[in-house]
Amino acid sequence: CEVPRLYCPPPPKIGAYRSHALARLRRPRTLVVPLRHPNRQASRLVTEALVVELQKSQIVEPISPYAPEARFLEDLAVWRDGALDVRALTAIRTRLGADAVVIGTITDYRPYEPPLVGLRVQLVSARTGKVLWGAETCLDARDGGVKTLMRHYYARRLADGGRDYGWRILLASPRHFAQFAAYEVVSTLSPPEP
């Protein structure tokens, strides 16, 4: 919280799973499949934010689904009815040299103030189909704990001293809020500190 108070709201819960097998992989080449959502614009915006944050994490080497080499994805149904298509995984592994695939769903989305992004994502081995990492959260800017996280995110990642909005740019810009949500989810990919 900015001002000392008797009660500071807790940060939102981010449920995460991290397989021990992930620790054995050295920066796996990972295709990010467009996140599922009925609104294509929302899907692209949040998927691009996720690719950027995965790149910044240096834990995986992400491949954008919008990159020219991934155009063949349009002809594949990688993820359908909660199951991965084995032929699609083989094609991804062969054509892109991918070790893993990120699949997911935007569970909630509100681009206008106060913004809201809910995400459920998984990192799946392209060889075995096993889940290596998964995370799920819903970040609603009306929540005091989310606002606290937004301030910290802004101070660490965006603050440049010249913005008129300050941390409130995250409230005004769907792109910035999506980047914040992707950052929070990707932060669970790192091994926990001892």
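Above this text you will find the structure in question.
The rules behind each value
- Sequence order as written defines the numbering, with residues in each chain counted from 1.
- Totals for whole chains, interfaces and linings use all residues, but because this is a predicted model, local features are given only for residues with pLDDT of at least 70 and pairs of side-chain atoms are given and counted only at 80 or more.
- Here the side-chain values reflect all heavy atoms present in the structure, with hydrogen atoms and water set aside.
- Exposure is judged per residue with a 1.4 Å probe applied to protein chains only, and the accessible area is read against the type maximum: over 50% gives exposed, under 20% gives buried, and values in between give partly exposed.
- Helical segments are the DSSP runs of H or I of at least four residues, strand segments are the runs of E of at least two, and each set is numbered from the N terminus.
- Comment: arc refers to directions from the helix axis out to C-beta atoms.
- The set of buried Ala, Val, Leu, Ile, Met, Phe, Trp, Tyr and Cys residues whose side-chain atoms join them within 4.5 Å is what this entry labels a nonpolar core.
- Contact criterion: two residues are considered in contact whenever any of their non-hydrogen atoms come within 4.5 Å of each other.

## Here's the deal with helix α3 (residues 86-96)
Phase 1 of the analysis: Buried within α3 are the following residues: A88, L89, A91, I92 and L96. In an axial view of α3, the angular spread of the buried residues amounts to 160°, which keeps them on one side of the axis. Turned more than 90 degrees away from the buried face of α3 sit V86, R87 and T94, all of them exposed.
Phase 2 of the analysis: Where α3 terminates, the next one or two residues include G97, which has phi positive at roughly 65°.

## Section: the nonpolar core
Phase 1 of the analysis: Counting 42 residues, the largest nonpolar core has L50, L123, M150 and F180 as the members making the most contacts within it.
Phase 2 of the analysis: The element contributing the most residues to this core is helix α6 (residues 174-186), with 8 residues.
Phase 3 of the analysis: Residues within four places of F180 in sequence aside, it is in contact with L139, V146, L149, M150, Y153 and L170.
Phase 4 of the analysis: By size, the runner-up hydrophobic cluster in this structure holds 16 residues, among which are I63, A88, I92 and L96.

## Description of the environment of T137
Phase 1 of the analysis: By secondary structure assignment, the location of T137 is in strand β8 (residues 131-140).
Phase 2 of the analysis: Along the primary structure T137 and R120 are separated by 17 residues, whereas in three dimensions their C-alpha atoms are 6.7 Å apart.
Phase 3 of the analysis: Contact partners of T137, with chain neighbours within four places excluded, come to K13, I14, T107, V117, G118, L119 and V185.

## Examining unusual backbone geometry
Phase 1 of the analysis: Of note, the amide linkage connecting E113 to P114 takes the cis form, showing an omega dihedral of -5°.
Phase 2 of the analysis: Position of P114 relative to the elements: it lies in the loop between β6 (100-110) and β7 (116-125).
Phase 3 of the analysis: We note that R27 has phi near 40°; this positive angle belongs to a residue other than glycine.
Phase 4 of the analysis: Counting through the fold element by element, R27 comes out in the loop between α1 (20-24) and β2 (29-32).
Phase 5 of the analysis: For Q58, which is not a glycine, the phi torsion comes out positive at approximately 60°.
Phase 6 of the analysis: Mapped onto the elements, Q58 comes out in the loop between α2 (40-57) and β3 (61-63).
Phase 7 of the analysis: With a relative accessible area of 48%, Q58 lands in the partly exposed category.

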